[in-house]
Amino acid sequence: MIRALAFAAALVVALPVAAQQTMPPAPFAYRQLENPAQEQAAQELMETLRCLKCQSQSIADSDAPMAGDMRHQVRTRIAAGESPDQIRDWLTKRYGDYVSYKPTVSTTTWPLFAIPLLLVLLAGAILLRRFGKRK
Amino acid sequence: MNWRLWIPLFAFAAFLGLAAYQLTQPKDEFVESRMVGESLPYFELPPAMAGVNGIGSTDFADGEPRLLNIWASWCLPCIAEAPHLENLKRQGADIVGVAIRDRPEDVARFLAQHGNPYSRIGRDDLSEVQLAIGSSGVPETFVIDGQGVIRYQHIGDVRASDVPVLLAELEKAR
């Protein structure tokens, strides 16, 4: 009896989830492209694109319907002959760098690349001063 | 004692302070569209249910500014914003709907329950228009001017306080 009640409760809780899933996923959300080279290019690209609904996952990792629709976009565009960079540009033109997980050096991100380098140089200089003198 | 010994400790404390400050700041999860200021990309959508008109990007370039509302019958905040869209319509706004991943019978049931503020409703099963205009969720509302250029983006459900803002943006886009 308690089990049946718990099951019923679980069904009620799951209803909103079901509501989003009544539509079948986009044709190429879960279906791979027939051409293995194209599918590999699509897969590599999808792993570096951010899911906008579930922001710490890539669209390759996410089961959100919107991520499925983005995978559909990626696969159909690759199949139509677009390059992965063209597709990434198409998305960044709409959502900004935020949508891409691929690191790029730009006016706002250059310190991320420069600071570690500076720190290594600084550490090297300190070490040289400490231990270089002893010779 | 050498005062310079304290520098690393102060640097570390400053870093902790910065981290603590950032942790108390609310997280901004809104992804703003970069398409504001750009023309609507070309698209055509079939009607979302029987008895309504579908939409195409060419419907927007007739001199009249419009609201483009991204919504869905399965989206709960869309229920909350329905009365405010109705209010916008009463005050003269032309609202065009794009139903995301929705079935005609669900669209019809939603509109029967919560009212229909839309002059046209397109059916976007693959989120194609949503992705093309840089929208990252449901609901979102865009102001499109009479030349078909995206002028303003409102992310999230439209609340009572957003109604005058959207009306002003429509007026600006005239």
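Residues numbered from 1 in each chain as written. Chains lettered and ligands numbered in written order. Predicted model: local features only at pLDDT ≥ 70, side-chain atom pairs only at ≥ 80, totals over all residues.

Visitor: Can you walk me through the overall build of chain B in this structure?
Guide: The secondary structure content of chain B amounts to 5 helices and 7 strands. Written out in order from the N terminus, the α and β elements of chain B read α-β-β-β-α-β-α-β-α-β-β-α. At 22 Å, chain B has a C-alpha radius of gyration far larger than the 16 Å of a compact globule built from 174 residues. Dimensions of chain B along its principal axes, counting C-alpha atoms only, are 85 × 35 × 30 Å. The buried share of chain B, taken over its 174 residues, is 39%. (Helix = DSSP H or I, 4+ residues; strand = E, 2+ residues; numbered from the N terminus. Rg over C-alpha atoms; globule rule 2.2 N^0.38 Å. Buried ≥ 20, exposed ≤ 12 C-beta atoms within 10 Å, placed from the backbone.)

Visitor: For this particular structure, what's the right way to read the overall build of chain A?
Guide: Counting secondary structure elements, chain A contains 5 helices and 0 strands. The N-to-C order of helical and strand elements in chain A reads α-α-α-α-α. Split into buried and exposed, the 135 residues of chain A put 21% on the buried side. Residue pairs in contact within chain A that sit at least 24 positions apart in sequence constitute 55% of those at least 6 positions apart. (Contact = placed C-beta atoms within 7 Å.)

Visitor: Just checking my understanding: could you explain the nonpolar core for this structure?
Guide: Note on soluble globular proteins: their nonpolar side chains tend to be buried together. Judged by nonpolar contacts, the single largest core of 40 residues is most densely connected at B:Ala72 and B:Ala99. Contributions of two or more residues to this core are made by strand E3 (66-71), helix H2 (76-90), strand E4 (95-100), helix H3 (104-114), strand E5 (118-124), strand E6 (140-144), strand E7 (150-155) and helix H5 (162-172) of chain B. For this core, the element with the most residues is E4(B), which contributes 5 residues. The residues touching B:Ala99, leaving out its near neighbours within four places in the chain, are B:Ala48, B:Trp71, B:Ala72, B:Val107, B:Ile121, B:Arg123 and B:Asp124. A:Ile59, A:Met66, A:Met70 and A:Tyr95 belong to the second largest nonpolar core, which has 18 residues in total. (Core = buried A, V, L, I, M, F, W, Y, C linked by C-beta atoms within 7 Å.)

Visitor: How should I be thinking about the sheet that holds E3(B) in this particular structure?
Guide: Strand pairs in the sheet, formed through backbone hydrogen bonds, run parallel or antiparallel to each other. Residues and elements named next belong to chain B. The strand order across the open sheet built from 5 strands is E5-E4-E3-E6-E7, with neighbouring strands paired in mixed fashion. The sheet is open, and its two borders are formed by E5 and E7, each paired with just one other strand. Between one strand and the next, the sheet's axes are offset by a mean angle of 20°, whatever the strand orientation. As paired strands, E3 and E4 are joined by 5 bridges and run parallel to one another. Counted as the bridge partner of Asn69 is Gly97 from E4. (Pairing = 2+ DSSP bridges. Axes fitted to C-alpha atoms, helices over the stretch in contact; angles between N-to-C directions.)

Visitor: Got a minute to help me understand the interface of chain A and chain B in this structure?
Guide: Taken together, the contacts link 19 residues of chain A with 15 residues of chain B. Taken together, the elements giving at least two residues each to the side of chain A that touches chain B come down to helix H1 (2-21), helix H3 (65-79) and helix H4 (84-95) of chain A. If one sorts the elements of the side of chain A that touches chain B by residue count, H3(A) sits on top with 6 residues. The residue inventory of the side of chain A that touches chain B, partitioned by class, reads 9 nonpolar, 6 polar and 4 charged. (Nonpolar A, V, L, I, M, F, W, Y, C, P; charged D, E, K, R; others polar.)

Visitor: Would you mind going over the pairing of E7(B) with me for this structure?
Guide: Residues and elements named next belong to chain B. Two elements, E6 and E7, share 5 bridges in a ladder whose sense is antiparallel. Paired with Phe142 across the bridge in E7 is Gln153. Once E6 ends, the chain turns through 5 residues before running back antiparallel as E7, passing Gly148 with a positive phi of about 85°.

Visitor: When you look at the environment of B:Arg103 in this model, what are you seeing that I'm missing?
Guide: Tracing the backbone shows B:Arg103 in the loop between E4 and H3. Here the alpha-carbon distance between B:Arg103 and B:Met49, two residues 54 residues apart in the chain, equals 7.9 Å. Dropping the residues within four chain positions of it, B:Arg103 is found in contact with A:Thr22 and A:Met23.

Visitor: What should I look at first to understand H4(A) in this one?
Guide: Residue pairs spaced three or four apart in an α-helix point in one direction, given the helix's 3.6 residues per turn. Residue and element names in this part refer to chain A. With 12 residues, H4 ought to run about 16 Å at 1.5 Å a step, and its terminal C-alpha atoms sit 16 Å apart, in line with that. Taken together, the buried positions of H4 are occupied by Ile87, Leu91, Arg94 and Tyr95. Angular distribution of buried residues about the axis of H4 spans 80°; they occupy a single face of the element. The outward face of H4, more than 90 degrees from its buried face, is lined by the exposed residues Asp85 and Gln86. Gly96 sits one or two residues past H4 and shows a positive phi near 80°. (Expected span 1.5 Å × (residues − 1). Arc of directions from axis to C-beta.)

Visitor: Where do I start with the packing of H2(B) against H5(B) in this structure?
Guide: When two helices pack together, their arrangement is captured by the angle between the axes and the distance separating the axes. All names here are of chain B. Contact geometry of H2 with H5 gives a least axis separation of 10 Å together with a crossing angle of 40°. Overall, the two elements H2 and H5 adopt an arrangement that is oblique. You can see that H2 and H5 cross each other, and the crossing is right-handed. Where H2 abuts H5, its residues His84, Asn87 and Leu88 lie against Val163, Leu166 and Leu167. Split by residue class, the contact of H2 with H5 holds 4 nonpolar, 2 polar and no charged. (Parallel < 35°, antiparallel > 145°, perpendicular 65-115°, else oblique. Left-handed = near helix turned anticlockwise from the far one by under 90°.)

Visitor: Sorry if this is basic, but what is going on with the environment of B:Ser33 here?
Guide: Along the chain, the position of B:Ser33 falls in the loop between helix H1 (7-24) and strand E1 (44-45). With 21 C-beta atoms packed within 10 Å, B:Ser33 lands in the buried category. Taking the C-alpha atoms as reference, B:Ser33 lies 7.3 Å from B:Gln153; in sequence the two are 120 residues apart. Excluding residues that lie within four positions of it along the chain, B:Ser33 makes contacts with A:Arg94, B:Ile133, B:Gly134, B:Ser135 and B:Gln153.

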